[in-house]
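Here is what each chain is made of, one letter per residue.
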Amino acid sequence: MARMATTRRVVVSTIGAWFFGFLIFFPILWMVLASFKTELEAFAVPPSFLLFHWTTENYATVQERSDYFHHAMNSIIIAGGSTLIALLIAIPAAWSMAFSPTKRTKDILLWMLSTKMMPPVGVLVPIYLIYKSFGLLDSRIGLVFILCLGNLPIVIWMLFTYFKEIPRDILEAARMDGATIGRELVYVLTPMAIPGLASTLLLNLILAWNEAFWTLNLSTSNAAPLTTFIASYSSPEGLFWAKLSAASTLAIAPILVLGWFSQKQLVRGLTFGAVK
Amino acid sequence: MGQITLQGVQKSFGPVHIIKGADLDIADGSFVVFVGPSGCGKTTLLRLIAGLEDVSGGNILIDGKNVVDTPPAKRGLSMVFQSYALYPHMSVRGNIGFGLKMAGLPKDEINRKVEAAAATLNLTPYLDRKPRELSGGQRQRVAIGRAIVREPKAFLFDEPLSNLDAALRVQMRIEVTRLQKQLGTTAIYVTHDQVEAMTMADKIVVLNGGKIEQYGSPLELYERPANLFVAGFIGSPKMNFVTGELAKQQGAATIGVRPEHLKIERDGAGGWQGTIAVAEHLGSDTFLYVDAGQLGMLTARYIGELSLHAGDRVSLLPDPARIHRFDEAGNALRG
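Residues numbered from 1 in each chain as written. Chains lettered and ligands numbered in written order. Predicted model: local features only at pLDDT ≥ 70, side-chain atom pairs only at ≥ 80, totals over all residues.

Going by what an unreviewed UniProt entry lists, chain B is known as Glycerol-3-phosphate ABC transporter ATPase and is assigned to Bradyrhizobium nanningense. Annotation of chain B in UniProt includes, under Sequence similarities (unreviewed entry), the sentence "Belongs to the ABC transporter superfamily." Per UniProt, chain B has the following entry under Subcellular location (unreviewed entry): "Cell inner membrane". (UniProt positions renumbered as here; feature names shortened; annotations may be inferred.)

As recorded by an unreviewed UniProt entry, chain A carries the name Mannitol ABC transporter permease and is attributed to Bradyrhizobium nanningense. Reading the Subcellular location (unreviewed entry) entry of the UniProt record for chain A gives the comment "Cell membrane". The Sequence similarities (unreviewed entry) comment attached to chain A in UniProt states, word for word, "Belongs to the binding-protein-dependent transport system permease family."

Here's what the structure looks like:
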């Protein structure tokens, strides 16, 4: 009896999990499906799920109308560049706060986070003017800079929590074993921090990849990443659902693939320390 | 060689004085235990010797050389941590050999030494496992292996057995003592467990509130405690203290008698009389907690079984030769 109840519970929860999983995944699936429909079918009521005339025409149009690779390259440079610079700044910062904290460390951390509490639109005008006078508008460097600064608090917070999880004793043991600070970093700390570093890198990459406020406002064509590329399809001439979907699918594809292959690492990093 | 001398060593964290001037001479090859209640500064003192904390004052000499400005790695000491502090991403072999690798020894020599250390500690079958695949006792052995393989001047142990269960703790206690004697390396061992201190040490340092209360062999501490604190801390169950008129008769402010030095008499007329509140029968020993009226609660120990029970009247006769006398300040009075 008890076994039957357990089996039933497993079946119910499995179905439930699949249902919610599907629900969360549905918008992405629908977008991908819509990208293979004709414009007419894309907003047909009732919508057809799979039995429509499959076409890749939208992708061809999108590539023809706006240069996908140009935007994708910008996205890679902006997201990758801002992530790398953020990590370079955040690693030593989080390291020092985790391993030699002072009375004010907690305050500094909170202060860093407080910058994320301000809506970005509040500083749009001053930032825009500063960028204008420094000639940073529509430049990759400008976008790298602003996204790096925007995500830095989160990167530092994440790394700080990962580093905090590393027992001090182990670093001291390495020191007793004769390791210099450099060797301690290479042989002991980095291998232990890799899951944390990897998930921070991935999360920041995703955040920077999808960041739309600053990229839309501070770039037009030269430095425009994929977010701008998508936005250009919600144009005044009316919504083209199929083309918008094709553009969006193209825009999220690289990050989706990256996320898919690194999901194990990502989950491990995000739950690091939760399970001993 | 591993002679360690402390000269007026002090440590403060901000306004808090943790170590208030420690002087100590640790002979080469001896096993010294730092013991004291939690917060007494014993771990801090060990970390100062290791170099993991900087001294606020005083000198630490290893083989006559002042090392206060020497980084931990250069002091030639090795340490076993309470949490074992094994490198989780390295195999047992990697863990034990890490110090040798850092010292730049050739690979085959590292392997030879690691295997020798593993053999001493019965770790040979586990050399290629990761720490998470080992039991608590095995992890502890790896931590010890990491310490011995470097042939240090001295071992520093920071409560290494406190995470093990009781049976394993006794076994490891014997193993550590035997290993230390076999290697003849100086060892400093921190514990709050006075049984560990008494059984393992050649000499014990009793610490309290950042001060060294007494430094001597286990039996010296037991037989001639320097003050009330040491008298109460060493020995289990605790020494009985009596103040007031009875102490004055002996020319002291306080007198102390160990439970095992109280002779127990049923319905006796002399001595200190009272009613048994609790009687513990262990077979090998009988512990009586006696409510002795004005004298307070007294503990008496009888070797073997004694069929007395709660509520029985007894009189306790202290062995006159074993009465410890203390002055107002709590220091022992001799003679």
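What follows picks up the thread again.
S.K.: I'd like to hear about the overall build of chain B, residue by residue, with values.
M.R.: On a plain count of helices and strands, chain B comes out with 9 helices and 19 strands. Seen through its principal axes, chain B has C-alpha atoms that stretch 75 × 45 × 35 Å. Counting all 335 residues of chain B, 41% fall into the buried class. (Helix = DSSP H or I, 4+ residues; strand = E, 2+ residues; numbered from the N terminus. Buried ≥ 20, exposed ≤ 12 C-beta atoms within 10 Å, placed from the backbone.)

S.K.: Break down the sheet that holds strand E13 (residues 262-266) of chain B for me, with residues and values.
M.R.: Residue and element names in this part refer to chain B. Strand order in the open sheet formed by 5 strands is E13-E17-E14-E15-E16, with antiparallel pairing between adjacent strands. Among the strands making up the open sheet, the edge pair consists of E13 and strand E16 (297-303). Neighbour to neighbour, the strand axes of the sheet diverge by 45° on average, direction disregarded. Where strand E14 (residues 272-281) meets strand E15 (residues 285-291), 6 bridges bridge the pair, whose relative direction is antiparallel. In the strand pairing of E15, Ile 276 is matched with Val 290. (Pairing = 2+ DSSP bridges. Axes fitted to C-alpha atoms, helices over the stretch in contact; angles between N-to-C directions.)

S.K.: Requested: an account of the pairing of strand E10 (residues 211-216) of chain B, with residues and values cited.
M.R.: Residue and element names in this part refer to chain B. Note that strand E9 (residues 203-208) and E10 share 5 bridges and pair antiparallel. What sits directly across from Ile 204, in E10, is Gly 216. Between E9 and E10, which follow one another and run antiparallel, lie 2 residues, and Gly 209 among them has a positive phi close to 55°.

S.K.: Give me the domain arrangement of chain B: which residues, what numbers.
M.R.: All names here are of chain B. What the domain assignment reports for chain B is domain 1 (4-231) and domain 2 (238-333). Placing the centre of domain 1 and that of domain 2 at their C-alpha centroids yields a distance of 37 Å. Of the residues lining the interface, 5 residues belong to domain 1; the matching set on domain 2 comes to 8 residues. The residue makeup of the side of domain 1 that touches domain 2, split by class, is 4 nonpolar, 1 polar and no charged. (Domains from an automatic or database assignment. Contact = placed C-beta atoms within 7 Å. Nonpolar A, V, L, I, M, F, W, Y, C, P; charged D, E, K, R; others polar.)

S.K.: Please set out the sheet that holds E9 of chain B residue by residue, giving values where relevant.
M.R.: Residues and elements named next belong to chain B. The strand order across the open sheet formed by 6 strands is E6-E7-E8-E3-E9-E10, and the pairing between neighbours is mixed. What marks the edges here is a single partner per strand, and that holds for strand E6 (77-80) and E10. Shown here is a sheet whose adjacent strand axes are inclined to one another by a mean of 20°, direction ignored. Examined bridge by bridge, strand E7 (residues 154-158) and strand E8 (residues 186-191) share 5 bridges and lie parallel to one another. Bridge pairing in E8 places Phe 157 opposite Tyr 189.

S.K.: Tell me about the confidence of the model for chain A, residues and numbers included.
M.R.: All names here are of chain A. The pLDDT averaged across chain A works out to 85; a share of 93% of its residues lies at or above 70. Averaged pLDDT values over the elements of chain A bottom out at 67 in helix H13 (residues 263-270) and peak at 92 in helix H6 (residues 124-133). Predicted confidence is poor over residues 272-276, with pLDDT under 50, and the contacts of this stretch with residues over four places away or in other chains come to 5 contacts. (pLDDT = per-residue confidence, 0-100.)

S.K.: Please provide a residue-by-residue account of helix H3 (residues 107-120) of chain B, values included.
M.R.: All names here are of chain B. For H3, built from 14 residues, the straight-helix expectation of 20 Å at 1.5 Å per residue is met to within 8% by its first-to-last C-alpha distance of 20 Å. Within H3, burial applies to Ile 110, Val 114, Ala 117 and Ala 118. Viewed end-on, H3 has its buried residues packed into an arc of 100°, placing them on one side of the element. Relative to its buried face, H3 has exposed residues pointing more than 90 degrees away, namely Asp 108, Glu 109 and Ala 119. Directly beyond the C-terminal end of H3, a positive phi value near 55° is found at Asn 122. (Expected span 1.5 Å × (residues − 1). Arc of directions from axis to C-beta.)

S.K.: Talk me through the UniProt feature "domain: ABC transporter" (unreviewed entry) in chain B; I want residue IDs and the actual numbers.
M.R.: According to UniProt, the feature "domain: ABC transporter" (unreviewed entry) maps to residues 4-234 of chain B in the numbering used here. Across residues 4-234 of chain B one finds 36% helix and 26% strand; the C-alpha atoms that close the span lie 25 Å apart.

S.K.: Report on the interface of chain A and chain B, specifying residues and quantitative values.
M.R.: Counting from both sides, the interface comprises 14 residues of chain A and, opposite them, 16 residues of chain B. Elements with a minimum of two residues in the side of chain A that touches chain B: helix H8 (168-176) and helix H9 (181-210) of chain A. A per-element tally of the side of chain A that touches chain B places H8 of chain A first, with 6 residues. Across the side of chain A that touches chain B, the residue classes break down as 8 nonpolar, 1 polar and 5 charged.

S.K.: Help me get a handle on the UniProt feature "transmembrane region" (unreviewed entry) in chain A, residues and values and all.
M.R.: Residue and element names in this part refer to chain A. Per the UniProt record, "transmembrane region" (unreviewed entry) is annotated on residues 12-33, 76-96, 108-131, 143-163, 184-209 and 240-261. From the first C-alpha to the last, residues 12-33 spans 29 Å; its make-up is 100% helix and 0% strand. With 100% helix and 0% strand, residues 143-163 has end C-alpha atoms that lie 29 Å from one another.

S.K.: Summarise the nonpolar core; cite the residues concerned and give the values.
M.R.: Residues and elements named next belong to chain B. One finds Leu 156 and Ile 188 to be the most contacted residues of the largest nonpolar core, which totals 144 residues. Two domains each provide a minimum of three residues to this core, namely domain 1 (4-231) and domain 2 (238-333). Discounting residues that sit within four places of it in the chain, Ile 188 has contacts with Ile 26, Val 32, Phe 34, Leu 46, Ile 49, Ala 154, Leu 156 and Phe 157. (Core = buried A, V, L, I, M, F, W, Y, C linked by C-beta atoms within 7 Å.)

S.K.: Describe the packing of helix H2 (residues 92-102) of chain B against helix H4 (residues 136-148) of chain B, and please don't skip the residues or the numbers.
M.R.: Residues and elements named next belong to chain B. Running from amino to carboxyl end, H2 crosses H4 at an angle of 30°, the nearest separation of the two axes being 7 Å. Between H2 and H4, the angle falls in the class roughly parallel. Viewed along their axes, H2 and H4 form a crossing whose handedness is right-handed. Here Val 92, Asn 95, Ile 96, Phe 98 and Gly 99 of H2 come into contact with H4, specifically with Val 142, Gly 145 and Arg 146. By residue class, the composition of the contact of H2 with H4 is 4 nonpolar, 3 polar and 1 charged. (Parallel < 35°, antiparallel > 145°, perpendicular 65-115°, else oblique. Left-handed = near helix turned anticlockwise from the far one by under 90°.)

S.K.: Break down unusual backbone geometry for me, with residues and values.
M.R.: Of note, the amide linkage connecting Ser 236 of chain B to Pro 237 of chain B takes the cis form, showing an omega dihedral of -5°. Its location among the elements puts Pro 237 of chain B in the loop between helix H8 (228-233) and strand E11 (240-243). Unlike most non-glycine residues, Asp 138 of chain A shows phi in positive territory, near 55°. For Asp 138 of chain A, the position within the fold is in the loop between H6 and helix H7 (140-165). Assessed through the 16 C-beta atoms surrounding it within 10 Å, Asp 138 of chain A is described here as partly exposed.

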